[in-house]
Amino acid sequence: MQKRLEGRIAVVTGASRGLGRAMALALAREGAHVIATARTQGGLEELDDDIRKLGGSATLAPADIKDYAAIDRLGAGIFERWKKLDIVIGNAGLLGKLTPMPHADPKMFEDVMAVNVTANYRLIRSLDPLLKGSDAGRAVF
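Predicted model only: the values in this text are computed from it and were never measured.

Caption draft 1: Main features of the packing of aromatic side chains. For the structure on display, the rule yields zero aromatic pairs. Positioned above the aromatic ring of Phe-79 is the side chain of Lys-83, whose terminal nitrogen or guanidinium carbon lies 4.8 Å from the ring centre.

Written as structure tokens, this is what we have:
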């Protein structure tokens, strides 16, 4: 059976649980090599086990999405190994506490912005050149 994403390289952030995990498994099931990133090493290792059970392959890149230097290292590592990237799933996100803005803790607000805005800007900045190296690069946030 032909897998639609055979030979494709995909990055998934927030891949250790929830939607990110489900997306990583779906991409692997279709033949993509998944570069999975999340803060939780144990969750990434469980994901890797499940991807291998599907007959897929993964590279684990444990990191906090707020570690912007790690995002840059991720881009450099992908370039060194594959020279291109086909898919980015920017799934990592932070809700924060639901409260009226005047009651919002400034640190909580800064964390939400760092994860949901700045980290995604840094992902685009680091990975867009690699997506352009693909014949069909796509990003979903």
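Having put the structure on the table, let's press on.
Caption draft 2: Expanded view of helix H4 (residues 106-131). With 26 residues, H4 should cover 38 Å at 1.5 Å per step; its first-to-last C-alpha distance of 35 Å lies within 8% of that length. A maximum bend of about 40 degrees is found in H4 at Ala-114.

Caption draft 3: Geometry of the packing of helix H1 (residues 18-29) against helix H2 (residues 41-53). Their axes nearest at 10 Å, the elements H1 and H2 cross at an angle of 25 degrees. Relative to H2, the element H1 lies roughly parallel. In the crossing of H1 with H2, the sense of the turn from one axis to the other is right-handed. Here Arg-21, Ala-24, Leu-25 and Ala-28 of H1 lie close against H2, whose contacting residues are Gly-43, Glu-46, Leu-47, Asp-50 and Ile-51. Across the contact of H1 with H2, the residue classes tally to five nonpolar, one polar and three charged.

What counts and how
Residues numbered from 1 in each chain as written. Predicted model: local features only at pLDDT ≥ 70, side-chain atom pairs only at ≥ 80, totals over all residues. Heavy atoms only, no water. Phe/Tyr/Trp six-rings, centres within 6.5 Å; stacked < 30°, edge-to-face > 60°. Lys NZ or Arg CZ within 6 Å of the ring centre and 35° of its normal. Helix = DSSP H or I, 4+ residues; strand = E, 2+ residues; numbered from the N terminus. Expected span 1.5 Å × (residues − 1). Bend = angle between axes of the 7 residues up to and from the residue. Axes fitted to C-alpha atoms, helices over the stretch in contact; angles between N-to-C directions. Parallel < 35°, antiparallel > 145°, perpendicular 65-115°, else oblique. Left-handed = near helix turned anticlockwise from the far one by under 90°. Contact = heavy atoms within 4.5 Å. Nonpolar A, V, L, I, M, F, W, Y, C, P; charged D, E, K, R; others polar.

Read these as spatial facts, not as claims about activity.
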